[in-house]
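Single-letter residue listing:
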Amino acid sequence: MWDRARQFIPGGVNSPVRAFGKVGGTPLFITSGAGAIVTDSDGRTYIDYLASWGPVILGHAHPRVIEALRRACTAGTSFGAPTEKEVRFAEMIIEAVPSVEKVRLVSSGTEAAMSAIRLARGVTGRDAIVKFDGCYHGHSDCLLVKAGSGGATFDVPDSAGVPADFARHTITLPFNDAGALARTLDRRGRGIACVILEPVCGNIGVIPPAPGFLEAAREACTRHGALLIFDEVITGFRVAYGGAQQRYGVTPDITCLGKVIGGGLPIGAFGGKAEIMDALAPTGKVYQAGTLSGNPLAVTAGMETLTILQERGTYERLEQLGGRLGEGLTAIFERHAIPARCLRVGSMMSCFFTGEEVLDARSAMTTDAERYAKWFHGLLDRGVYVAPSPYEAAFVSLAHTEPIIDRTLEIASDVARDIAP
Ligand SMILES: *Cc1c(COP(=O)(O)O)cnc(C)c1O
């Protein structure tokens, strides 16, 4: 199947990191999932911490989500007209996320971030944007830019096909560096439309915000009239029901959502203050649209997922399970004298194989990628599926029970023996 995949699909995959490029070997073909377990085409089962890269917070094929979807599809899959459901879903998001007074639905996180940037530029009349090295905001042109050395420089694109002319409006800075952000805004503030960041970094591995960093970003943006955008595509409804902005008590101007809010179906959303959001077409001059935006099936899966997440004790449970896994792994690495740091916020975490403190992309990249590849394959061989890259998060879902976590730790302990120095 992998040979055929590579014959008919570029690189055999529909999204690059799925190809196991960072760890070697052949990707699994997943045929089904139930709760915390996925099954591959050879009939082998795995405890799943990939969670489809974040969305699957309830576990796979949650019976209530499936039932809601079953009912929804018999009523038609897409209309391209307003529906009651999308209004009720918008209300649910607005009630949950502190910064959001109005919200627009799109079909992916990429679209959400791309549209949020356009909106910020349209509202401020400014062109430059600030992003942080290692933060991923989807693959639209101006966001596919990484930091060069030396911090606050106008940067070069990450991908062929992105004109340097687009990338030159993107300034990249080290994550968690409040000083560099303040200096950049002091110098160029009047030209900067927005500062976009993941309030908890999830795309260079999990890196929590240093104390005061989000507050400093808020303060600097307010002072210079730049909009603060939280890309909560991973953290929204993941690290708290109201996202990282609720967990850390810092309110952005615009919020991007995705992943969890689609319950495993394709979705994205961006929202903010009403006066900002009303700058979007058709009321305002910033154009944004989508044939399948607000798709009834995606909205149905999202609503049912959020409804379940609203139940009492959900986030305490995710915290407990995440803690059990994170602390268990930390103890295992210590026992085997493996230099490692497990960084965790709630149910998202990463273990970096490094002796350095991990604060930003540079320090994250000190992780021993070779050791990670061995770790990954050791786990996979024994039935635990984590991300096939050292720079990604592991996700715990509500379907992960204590016995499942403990079984994972037993397996991890075996693998740790094999990868110890
Ligand atoms: C996944 C992700 C995106 C992109 O979302 P897609 O649905 O893959 O387009 C954007 N921002 C963050 C923080 C993400 O993790």
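Everything numeric in this text was worked out from a predicted model, so none of it was measured. (Residues numbered from 1 in each chain as written. Predicted model: local features only at pLDDT ≥ 70, side-chain atom pairs only at ≥ 80, totals over all residues. Heavy atoms only, no water.)

1. Some words on the packing of helix 13 (residues 369–381) against helix 14 (residues 402–419)
- Where helix 13 meets helix 14, the axes come as close as 9 Å, and the angle between the chain directions of the two elements is 140 degrees. In terms of orientation, helix 13 and helix 14 fall into the oblique class. The element helix 13 and its partner helix 14 pack so that their crossing is right-handed. From helix 13, R371, K374, W375, G378 and L379 reach across to helix 14, where they touch I411, A412, V415, A416 and I419. (Axes fitted to C-alpha atoms, helices over the stretch in contact; angles between N-to-C directions. Helix = DSSP H or I, 4+ residues; strand = E, 2+ residues; numbered from the N terminus. Parallel < 35°, antiparallel > 145°, perpendicular 65-115°, else oblique. Left-handed = near helix turned anticlockwise from the far one by under 90°. Contact = heavy atoms within 4.5 Å.)

2. Considerations on the sheet that holds strand 1 (residues 30–34)
- The four strands are arranged 1-2-3-14 in an open sheet whose pairing can be described as mixed. Since the sheet does not close on itself, it has two edges, and those belong to strand 1 and strand 14 (384–385), each with one partner. (Pairing = 2+ DSSP bridges.)

3. Description of helix 3 (residues 84–96)
- With 13 residues, helix 3 ought to run about 18 Å at 1.5 Å a step, and its terminal C-alpha atoms sit 19 Å apart, in line with that.
- Listed as buried for helix 3 are F89, A90, M92, I93 and A96. Each buried residue of helix 3 lies within a common arc of 160 degrees when the element is viewed along its axis, so the set occupies one face. The exposed residues of helix 3 that point more than 90 degrees off its buried face are E84 and E95. (Expected span 1.5 Å × (residues − 1). Buried < 20%, exposed > 50% of the residue type's maximum accessible area, 1.4 Å probe, protein only. Arc of directions from axis to C-beta.)

4. Points about unusual backbone geometry
- Of note, the amide linkage connecting A281 to P282 takes the cis form, showing an omega dihedral of 10 degrees.
- With respect to the secondary-structure elements, P282 resides in the loop between helix 9 (274–277) and helix 10 (296–309).
- In this structure, N176 takes a positive phi of about 70 degrees despite not being glycine.
- Relative to the helices and strands, N176 resides in the loop between strand 7 (170–174) and helix 6 (178–188).
- Here the phi dihedral of K259 falls at roughly 40 degrees; this positive angle occurs in a residue that is not glycine.
- Along the chain, K259 turns up in the loop between strand 10 (254–258) and strand 11 (268–272).

5. Some details on the pairing of strand 12 (residues 341–345)
- Here strand 12 runs beside strand 13 (residues 348–352); their pairing, made up of five bridges, is antiparallel. Looking at strand 13, one finds that V345 is bridged to M348.

6. Some points on the environment of A331
- Along the chain, A331 falls in helix 11 (residues 314–335).
- Remark: the alpha-carbon pair of A331 and S159, spanning 172 residues in sequence, is separated by 39 Å.

7. Comments concerning the confidence of the model for the chain
- Residues of the chain with pLDDT of at least 70 account for 97%, and the chain-wide mean is 95.
- Scored below 50 in pLDDT, residues 147–153 shows 16 contacts in the model against residues more than four places distant or in partner chains. (pLDDT = per-residue confidence, 0-100.)

8. Things to note about the state of the cysteines
- Within the structure shown, the criterion is met by one disulfide.
- The partner cysteine of C342 in its disulfide is C351, sulfur to sulfur 2.4 Å. On the sign convention where negative is left-handed, the bridge of C342 and C351, at about 105 degrees about the S-S bond, is right-handed.
- Cysteine C201 shares no disulfide, and the gap to the nearest cysteine sulfur, in C135, comes to 3.6 Å.
- Overall, C201 belongs to the buried group, its relative accessible area being 0%. (Disulfide = S-S within 2.5 Å.)

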